[in-house]
Amino acid sequence: DVKVTQSSRYLVKRTGEKVFLECVQDMDHENMFWYRQDPGLGLRLIYFSYDVKMKEKGDIPEGYSVSREKKERFSLILESASTNQTSMYLCASSLRLAGATYNEQFFGPGTRLTVL
Amino acid sequence: EDQVTQSPEALRLQEGESSSLNCSYTVSGLRGLFWYRQDPGKGPEFLFTLYSAGEEKEKERLKATLTKKESFLHITAPKPEDSATYLCAVTSGTYKYIFGTGTRLKVLA
């Protein structure tokens, strides 16, 4: 079974703090993703990584950065947390077959971040 | 612009009352349609992948079908444990997966 784990289930931070969210997958997947999920808006892609040190911006990258130093680990960084970044953050991974990126994603349990 | 619309937003069923959830999509070249189940406070759990019109997949009480414009998730004789939000997503072959906002299903005993 694919397992994706996230460093925290719940996190409370203050405005202006630097926040690190970590994600680890154990199935040797090439692709990793960070989403945020808000009521009525669905899942929105923040960043995507297709290999170590490689990244692509998603639909809402502003205020976020990412790091992928090892294949199994993908970190999301909130440089200076703001209240509008209060959300559920979901990490996902997927296998990349030759030339294809459209495989199913496997999600972690999520981190509920509250910024006060 | 690629888009996914799910209906209904919410659905209440009696245990054993079969029904269908709809996922309508517009995408420039469908390369995959995915169904997920999400329980409150948890991450989505993968259910099915469909790639071409006419394809069907089944798992226990769930059956997913695909046409050129929409997908249906049929739930046969649901049980209370089937209560969850069901998400649909599509991709046109890039790393971007477009998600719908989901259907919240409640099955009453």
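Here the structure is a predicted model, which means the values were calculated and not measured.

**Q** Could you give an account of the overall build of chain B, naming the residues involved and the relevant values?
**A** Helix and strand counts for chain B stand at zero helices and eleven strands. Moving toward the C terminus, one meets the helices and strands of chain B in the order β-β-β-β-β-β-β-β-β-β-β. The C-alpha atoms of chain B give 13 Å as radius of gyration, which agrees with the globular expectation for 109 residues (13 Å, within 12%). Taken across its 109 residues, chain B has 46% of its residues classed as buried. By sequence separation, contacts in chain B at least 24 residues apart represent 54% of the contacts at least 6 residues apart. Here chain B displays about 5300 Å² of accessible surface, and carbon together with sulfur accounts for 47% of that area. Charge centroids of chain B, computed over 14 positive and 14 negative side chains, lie 2 Å from each other.

**Q** Describe the side chain of R68 of chain A, listing the residues and the values that go with them.
**A** Residue and element names in this part refer to chain A. Relative to the helices and strands, R68 is located in strand β7 (residues 64-70). Here R68 sits buried without a salt bridge, and the closest side chain of opposite charge, D51, lies 5.9 Å off (N-O distance). Here R68 is in contact with Q25, H29, E30, N31, M32, S49, Y50, D51, V52, K53, R73 and F74, once residues within four sequence places are set aside.

**Q** Go over the sheet that holds strand β1 (residues 3-7) of chain B, please, and point to the residues and values.
**A** All names here are of chain B. Read from one edge of the open sheet, five strands run β1-β3-β8-β7-β6, paired in antiparallel fashion. With partners counted over all chains shown, the strands left at the sheet margins are β1 and β6 (56-59), one partner each. Taking each pair of neighbouring strands and ignoring which way they run, the sheet shows an average axis angle of 15°. Summarising the sheet, strand β7 (residues 62-66) and strand β8 (residues 70-75) pair through five bridges and their orientation is antiparallel. The residue of β8 that forms the bridge with A64 is L73.

**Q** I'd like a description of the state of the cysteines, backed by residues and values.
**A** Counted under the stated rule, the structure contains two disulfides over all chains. Two residues, C23 of chain A and C91 of chain A, share a disulfide whose sulfurs are 1.9 Å apart. Across the S-S bond of C23 of chain A and C91 of chain A the torsion is about -75°, and the bridge reads as left-handed. Of this pair, C23 of chain A sits in strand β3 (residues 19-25) while C91 of chain A sits in strand β9 (residues 87-94), placing them 68 residues apart in sequence. The pair formed by C23 of chain A and C91 of chain A is uniform in burial state, with each residue classed as buried. Residue pairing for C23 of chain B: its cysteine sulfur links by disulfide to C88 of chain B, the two sulfurs lying 1.9 Å apart. Its torsion about the S-S bond being -65°, the disulfide of C23 of chain B and C88 of chain B is classed as left-handed. Residue C23 of chain B is found in strand β3 (residues 19-26), and its partner C88 of chain B is found in strand β9 (residues 84-91); the two are separated by 65 residues along the sequence. C88 of chain B matches C23 of chain B in its accessibility class, with the two residues each being buried.

So, how was this worked out
- Residues numbered from 1 in each chain as written.
- Chains lettered and ligands numbered in written order.
- Predicted model: local features only at pLDDT ≥ 70, side-chain atom pairs only at ≥ 80, totals over all residues.
- Heavy atoms only, no water.
- Helix = DSSP H or I, 4+ residues; strand = E, 2+ residues; numbered from the N terminus.
- Rg over C-alpha atoms; globule rule 2.2 N^0.38 Å.
- Buried < 20%, exposed > 50% of the residue type's maximum accessible area, 1.4 Å probe, protein only.
- Contact = heavy atoms within 4.5 Å.
- Areas by Shrake-Rupley, 256 points an atom, 1.4 Å probe, with all protein chains shown as cover.
- Lys, Arg positive; Asp, Glu negative; His and termini not counted.
- Charge placed at Lys NZ, Arg CZ, Asp CG, Glu CD.
- Salt bridge = Lys/Arg side-chain N within 4 Å of Asp/Glu carboxyl O.
- Pairing = 2+ DSSP bridges.
- Axes fitted to C-alpha atoms, helices over the stretch in contact; angles between N-to-C directions.
- Disulfide = S-S within 2.5 Å.

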